[in-house]
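Fold and geometry: a report
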Amino acid sequence: SKELLRPELQISLLKTRPIKVSLLGEVKNPGIVTLGIPGGPENQMNIFTVIDAITAAGGITNQANLKEVIIKRRMPGDIASYKIAKLDLIKLVLEGDQKQNLILFDGDLVTLNKAEKLSEEIIEASSANLRQQSIMVTVIGEVRAPGEKKLKPDTSLLQAVMQAGGPIAFKSNNNRIQLIRINRN
């Protein structure tokens, strides 16, 4: 008989595929995010974590409960069963506990609930890089330099107008300045 007693097998990954993760709750852009670039550089392993997904969704809102982030993962098999993990991102951000930054799989659901009470820890952690570092604001009307401006997330309406050069004297009506929000933030 012709059998190989000690076969040698080599496997190489030609292309990685992106993963899709659902984010719900207190993130800037809730919904499905795609992580990874199809056909990226050779030998690149697309390993993504909870922080990668939150960043891809635009960061957290000011109301996010970082002490209890819920990950729901469907287990293999015909019967739909799920494994649920609760993470404390406060420990990750303030103490560097990487066990709180799980590796995500395709189809995972990440939920950030609204904090009932904003503790000092949550406020301190939310100012970390989990939050968007800048936002784009469009200033139109009778200002010296109308257009899109890159501002910090907590910028006031007056600061945004001043960033656009301020109102034009005799043309603008300072009593009719309006803020129109298109996004949740």
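1. Observations concerning the environment of Lys86
- Within the secondary structure, Lys86 sits in strand E4 (residues 82–87).
- Each C-alpha atom, one on Lys86 and one on Thr111, is 9.7 Å from the other, the two residues being 25 residues apart in sequence.
- Residue contacts for Lys86: discarding those within four places in its chain leaves Glu68, Val69 and Ile70.

2. Some points on the pattern of salt bridges
- Applying the stated criterion across every chain, the model contains one salt bridge.
- Arg73 serves as the salt-bridge partner of Asp108, at 2.7 Å between the closest nitrogen and oxygen. One end of the pair, Asp108, is in the loop between helix H2 (89–95) and strand E5 (109–114); the other, Arg73, is in strand E3 (residues 64–74), with 35 residues separating them in the sequence.
- By relative accessible area, which is 19% here, Arg73 ends up buried.

3. A few points about the nonpolar core
- Counting residues in each nonpolar core, the largest one holds 24 residues, and the members touching the most others are Val21, Leu23, Leu35, Leu104, Val110 and Leu112.
- Mapped by element, the contributors of at least two residues to this core are strand E1 (19–25), strand E2 (31–35), helix H1 (50–56), E3, H2 and E5.
- Setting aside residues up to four positions removed in sequence, Leu35 forms contacts with Pro18, Ile19, Val21, Phe48, Asp52, Ala53, Ala56 and Leu104.

4. A short note on the pairing of E5
- In the sheet, E1 pairs with E5 via four bridges, with the strands oriented parallel. For Leu24, the partnering residue across the bridge sits in E5 and is Thr111.
- Pairing between E3 and E5: five bridges, direction antiparallel. Residue pairing in the sheet places Val69 in a bridge with Leu112 of E5.

5. Focus on the confidence of the model for the protein
- With 84% of its residues at a pLDDT of 70 or more, the protein has an overall mean of 82.
- Every residue in residues 39–43 scores below 50 in pLDDT, and together they form three contacts with partners more than four places removed in sequence or on other chains.

6. Describing the side chain of Asp88
- Counting through the fold element by element, Asp88 comes out in the loop between E4 and H2.
- Among buried charged residues, Asp88 stands out as having no salt bridge; its nearest opposite-charge side chain is Lys67, 4.6 Å away.
- The residues contacting Asp88, other than those within four sequence positions of it, are Leu66, Lys67 and Gln100.

7. A closer look at the packing of aromatic side chains
- One pass over the full model with this rule turns up zero aromatic pairs.
- Over the ring of Tyr82 we find Lys72; its NZ or CZ atom is 4.6 Å from the centre of that ring.
- One residue, Arg73, lies across the ring of Phe105, its end atom 4.1 Å from the ring centre.

Thresholds applied
- Residues numbered from 1 in each chain as written.
- Predicted model: local features only at pLDDT ≥ 70, side-chain atom pairs only at ≥ 80, totals over all residues.
- Heavy atoms only, no water.
- Helix = DSSP H or I, 4+ residues; strand = E, 2+ residues; numbered from the N terminus.
- Contact = heavy atoms within 4.5 Å.
- Salt bridge = Lys/Arg side-chain N within 4 Å of Asp/Glu carboxyl O.
- Buried < 20%, exposed > 50% of the residue type's maximum accessible area, 1.4 Å probe, protein only.
- Core = buried A, V, L, I, M, F, W, Y, C linked by side-chain atoms within 4.5 Å.
- Pairing = 2+ DSSP bridges.
- pLDDT = per-residue confidence, 0-100.
- Lys, Arg positive; Asp, Glu negative; His and termini not counted.
- Phe/Tyr/Trp six-rings, centres within 6.5 Å; stacked < 30°, edge-to-face > 60°.
- Lys NZ or Arg CZ within 6 Å of the ring centre and 35° of its normal.

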